[in-house]
Amino acid sequence: MPDRETPSRGVHEVRPPRTAVVTGAARGIGRAIAARLAVEGVRVVVNDVDADALEQTAAEIGARPVAGDAASTVGVDRLVDRALDEFRDLGGIDLFVANAGITSGAGLDADDDDWARLLEVNLLSQVRAARRLVPLWLESGAGRLVLTASAAGLLTMLGDLPYSVSKHGSVALAEWLAATYRHRGIVVQAVCPLGVDTRILGAAGPLKDLLTRDGTLSPEEVAESVWQALQGDSVHILPHPSVRQYYAGRAADPDAWLGGMSRIQQRLEREQP
């Protein structure tokens, strides 16, 4: 049980970042976050597997591109090493935004390759970043890790089992890291939006109406929510305020909440051609 005598918030000074690394930054939410940081004067390194699109993004927003796969241990090490070299005059990496993510569109029919791919990109890439960065931040006394999860990580994602499980893992990772290292100056946050106008939403098919029932945000609006959250240390960043209500309802009565999700699933099945 939590120690009620120990404050859970405000146990360290929140410092604005001077340097940042953003993965999955060639387009979408990652690009918007990197651009928002750059506008605020943060020196940014951007990363993506799409080297051509990354080069264009970097040129447009004034960031340094480091193309490559940030999901693998080798890829994370290369990215962190390049960023440390880039930021040497400013003391290192203040902020790492682990934004890269993919979907599968599969349920129990997802094969082992589907699971491996989703877990590598959506979750293990974040674990590997934390494994590399947290020791550096413990030594310096400060650092911030922002994980792009999803409302699916607090609720669930009908129609995509590997995605839902991987995003629950991202939220669990953020919460564990926050509980373990918050008092030592490390801030960890998970971004959990609903529908955002990205390629992932465009490929959502019949789920698109469900994901956008509370409105569709632009990547720039999500980036603004992230920027505002960087002024504090709340673990859950909720660009759609309604997610907080859904999450509370789920916790208060899980069976009732799952019953409602089951009814939505049945409706989706009826509407399928």
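Notes on the structure in this doc start here.

What to know about helix α3 (residues 73-86)
Piece 1. Under the 1.5 Å per step criterion, the end-to-end length of α3 is 20 Å for 14 residues, consistent within 8% with the ideal 20 Å.
Piece 2. Along α3, the residues that are buried comprise G75, V76, L79, V80 and A83. Down the axis of α3, the sector holding all buried residues measures 125 degrees, keeping them to one side.
Piece 3. On its buried face, α3 sits against β1 (19-22), β2 (43-46), β4 (95-98) and α4 (112-140).

With respect to the pairing of strand β6 (residues 186-191)
Piece 1. Of all the six residues making up β6, six are buried; the element is thus mostly covered by neighbouring parts of the structure.
Piece 2. Of the two faces of β6, the one carrying I186, V188 and A190 and the one carrying V187, Q189 and V191 are both buried.
Piece 3. Across six bridges, strand β5 (residues 143-148) lies against β6 in parallel orientation. Its bridge partner being in β6, V146 is matched across the sheet by Q189.
Piece 4. Inspection of the sheet shows β6 paired to strand β7 (residues 236-237) by two bridges, in the parallel sense. In the strand pairing of β7, A190 is matched with H236.

Regarding the nonpolar core
Soluble globular proteins tend to pack their nonpolar side chains together in the buried interior.
Piece 1. Membership of the largest hydrophobic core comes to 43 residues, with the highest contact counts inside it found for V21, I93, F96 and L145.
Piece 2. Within the residue set of this core, elements represented by two or more residues are α3, β4, α4, β5, α5 (161-181), β6 and α10 (254-271).
Piece 3. Counting 32 residues, the second largest nonpolar core, distinct from the first, contains A35, A63, A223 and I237.

Description of the pairing of β5
Piece 1. In terms of burial, β5 is a largely internal element, six of the six residues being buried.
Piece 2. Burial of β5 is two-sided: the residues G143, L145 and L147 facing one way and the residues R144, V146 and T148 facing the other way are all buried.
Piece 3. Taken together, the four bridges between β4 and β5 define a ladder with parallel strand orientation. Note that in β5 the partner of V97 across the bridge is V146.
Piece 4. Since β4 and β5 lie parallel, the crossover through α4 that links them has a hand, and here it is right-handed.

Points about a negative patch on the surface
Piece 1. On the surface, a cluster of negative charge is contributed by D109, D111, D112 and D113.
Piece 2. Positionally, D109 belongs in the loop between β4 and α4.
Piece 3. The exposed category is assigned to D109, whose relative accessible area is 62%.

Comments concerning the environment of R144
Piece 1. Assignment of secondary structure puts R144 in strand β5.
Piece 2. With a relative accessible area of 5%, R144 lands in the buried category.
Piece 3. Along the chain, R144 and D233 lie 89 residues apart, while their C-alpha atoms are 9.2 Å from each other.
Piece 4. Apart from the residues within four sequence positions on either side, R144 is in contact with V14, R15, D94, L95, F96, W137, V187, Q189, A229, L230 and G232.
Piece 5. At 2.9 Å, the side chain of R144 and the backbone oxygen of G232 are in polar contact.

Considering α4
Piece 1. Over its 29 residues, α4 extends 40 Å from the first C-alpha to the last, a length consistent with the 42 Å expected when each residue adds 1.5 Å.
Piece 2. Within the sequence span of α4, burial applies to L118, V121, N122, L123, S125, Q126, R128, A129, A130, L133, V134 and W137.
Piece 3. Buried residues along α4 sit against α3, β4, β5, α5 and β6.
Piece 4. A distance of 3.1 Å separates the backbone nitrogen of D113 from a side-chain oxygen at the start of α4, and that oxygen is part of D111.
Piece 5. At the C-terminal side of α4, G141 shows a positive phi close to 90 degrees.

Quick look at the sheet that holds β5
Pairing between the strands of a sheet comes from backbone hydrogen bonds, and it takes one of two forms, parallel or antiparallel.
Piece 1. Pairing within the open sheet is parallel, and its seven strands lie in the order β3-β2-β1-β4-β5-β6-β7. Looking at strand neighbours, the two that pair on one side only are β3 (64-65) and β7, the edges of this open sheet.
Piece 2. As defined by bridge partners, β1 adjoins β2 across four bridges and the pair is classed as parallel. Looking across to β2, one finds that V22 is bridged to V46.

Looking at the side chain of T57
Piece 1. Examined against the element boundaries, T57 turns out to sit in helix α2 (residues 51-61).
Piece 2. When its relative accessible area of 2% is taken as the criterion, T57 is described as buried.
Piece 3. In this structure, T57 is in contact with A25, A26 and R31, ignoring residues within four places of it in sequence.

Overview of the environment of I29
Piece 1. Its place among the elements puts I29 in helix α1 (residues 28-39).
Piece 2. When the C-alpha positions of I29 and P219 are compared, they lie 4.7 Å apart, and in sequence the two are 190 residues distant.

Analysis parameters
Residues numbered from 1 in each chain as written. Predicted model: local features only at pLDDT ≥ 70, side-chain atom pairs only at ≥ 80, totals over all residues. Heavy atoms only, no water. Helix = DSSP H or I, 4+ residues; strand = E, 2+ residues; numbered from the N terminus. Expected span 1.5 Å × (residues − 1). Buried < 20%, exposed > 50% of the residue type's maximum accessible area, 1.4 Å probe, protein only. Arc of directions from axis to C-beta. Contact = heavy atoms within 4.5 Å. Pairing = 2+ DSSP bridges. Core = buried A, V, L, I, M, F, W, Y, C linked by side-chain atoms within 4.5 Å. Right-handed = clockwise from strand over helix to strand, strands pointing away. Patch = residues over 30% accessible without salt bridge, like charges linked within 9 Å, V, L, I, M, F, W, Y side chains within 5 Å. Areas by Shrake-Rupley, 256 points an atom, 1.4 Å probe, with all protein chains shown as cover. Salt bridge = Lys/Arg side-chain N within 4 Å of Asp/Glu carboxyl O. Lys, Arg positive; Asp, Glu negative; His and termini not counted. Charge placed at Lys NZ, Arg CZ, Asp CG, Glu CD. Polar contact = N/O pair within 3.5 Å; in protein donor to acceptor, adjacent residues only side chain to side chain.

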